[in-house]
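The primary structure of each chain is shown beneath.
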Amino acid sequence: MVRATHWLTFVASIALLVTGGLIVISHPRFYWGEVGNVNTKPLFVLPIPASRDTVPTGYGYVMPDENGWGRALHFEAAWVAVLTGLVYGIYGLGTGHFRKNLVPERRDWNWRAYRDRMAQYWRRRPPGREEDGRYNVLQRTAYAMVIFVLFPLMIWTGLAMSPAFTAAFPWTAALLGGRQSARTIHFFASWALLLFLIAHVTMVAASGFRSRMRGMITGAARTSGEGR
């Protein structure tokens, strides 16, 4: 179940990142509050040309407009991610997966545990036998932050940008400061997830890319001493 939901989430996340970029290009201006348009002072503007000539960016040309299919695929991929996350959440709570595999062990509730594991990554030392079939303290912390903080925030801000949803549940946008505030927070949360993805792949490579990928595809655990 963990492997299946992992790869479904990965595919959905790539689709969301690509289509999200296309949506941003159509209006690379960000605001704070409920309302934001070309006549409103932006909070910040991305230094890129837009895909619409009605959006002032300071550039003398526009990007190809892929906003239509991008939005359609973005919403479809979002539902795949949400439903997959729901299945994973029920599984994680029902089986104790979260408690056993994602919450850092009590002995690691100190700065030294994090420092030692970061030093091991920095020195490119292979993981020890104690990490066969289990997550280390950095992985547990990072995964817990993504699963319990970033993903719920992405879903919340995504729904808060929907006029139909906020018409029924106005508090979802109000608590964030407005729909434009939700869009801005959604943008930064997306960057946080992208940085996590890059760090995740980098750490997998540092820990033994071949054996880790085999484990996530086939379920075969790395044998102790492999790759040393």
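Note that this is a predicted model, so its numbers are computed, not measured. (Residues numbered from 1 in each chain as written. Predicted model: local features only at pLDDT ≥ 70, side-chain atom pairs only at ≥ 80, totals over all residues. Heavy atoms only, no water.)

Asker: What should I look at first to understand the packing of helix H5 (residues 137-160) against helix H8 (residues 179-206) in this one?
Answerer: Each pair of packed helices can be summarised by the angle the axes make with each other and by the distance between the axes. H8 packs onto H5 with a crossing angle of 150° between their chain directions and a minimal axis gap of 9 Å. In terms of orientation, H5 lies roughly antiparallel with respect to H8. Along this stretch, H5 crosses H8, giving a crossing that reads as left-handed. Facing H5, whose interface residues are Ala142, Tyr143, Val146, Leu150, Leu153, Met154, Thr157, Gly158 and Ala160, H8 presents Arg179, Ala182, Ile185, His186, Ala189, Ser190, Ala192, Leu193, Phe196 and His200. (Axes fitted to C-alpha atoms, helices over the stretch in contact; angles between N-to-C directions. Helix = DSSP H or I, 4+ residues; strand = E, 2+ residues; numbered from the N terminus. Parallel < 35°, antiparallel > 145°, perpendicular 65-115°, else oblique. Left-handed = near helix turned anticlockwise from the far one by under 90°. Contact = heavy atoms within 4.5 Å.)

Asker: Would you mind showing me how to read the nonpolar core here?
Answerer: For soluble globular proteins, nonpolar side chains are generally found buried alongside one another. Listed in full, the 5 residues of the largest apolar core are Val146, Leu150, Met154, Ala189 and Leu193. Elements that contribute at least two residues to this core include exactly H5 and H8. For this core, the leading source of residues is H5, giving 3 residues. Beyond its immediate stretch of four places on either side in the chain, Val146 contacts Phe151, Pro152, Leu193 and Phe196. (Core = buried A, V, L, I, M, F, W, Y, C linked by side-chain atoms within 4.5 Å. Buried < 20%, exposed > 50% of the residue type's maximum accessible area, 1.4 Å probe, protein only.)

Asker: Explain H5 here, please?
Answerer: An α-helical segment advances 3.6 residues per turn. Residues three or four places apart therefore align on the same side. If you check H5, its first and last C-alpha atoms are 33 Å apart, about what 24 residues at 1.5 Å a residue would give, namely 34 Å. Listed as buried for H5 are Val137, Gln139, Arg140, Tyr143, Ala144, Val146, Leu150, Met154, Thr157 and Ala160. The secondary structure elements touched by the buried residues of H5 are helix H3 (97-102), helix H4 (111-122), helix H6 (163-168), helix H7 (171-174) and H8. At the N-terminal boundary of H5, the capping side chain belongs to Asn136, with an oxygen 3.0 Å from the backbone nitrogen of Leu138. (Expected span 1.5 Å × (residues − 1). Polar contact = N/O pair within 3.5 Å; in protein donor to acceptor, adjacent residues only side chain to side chain.)

Asker: Help me understand the pattern of salt bridges in this model?
Answerer: Close approach of charged atoms lets side chains of opposite charge pair. Taken as a whole and assessed by the stated rule, the structure comprises 5 salt bridges. Here Glu34 and Arg179 are joined by a salt bridge, their closest N and O atoms 3.0 Å apart. With a gap of 145 residues between them, Glu34 in the loop between strand E1 (29-30) and strand E2 (44-45) and Arg179 in helix H8 connect regions that are remote in the sequence. Arg179 gets classed as partly exposed once you look at its relative accessible area, which sits at 28%. A salt bridge links Arg107 to Glu105, with the nearest nitrogen and oxygen atoms 3.4 Å apart. (Salt bridge = Lys/Arg side-chain N within 4 Å of Asp/Glu carboxyl O.)

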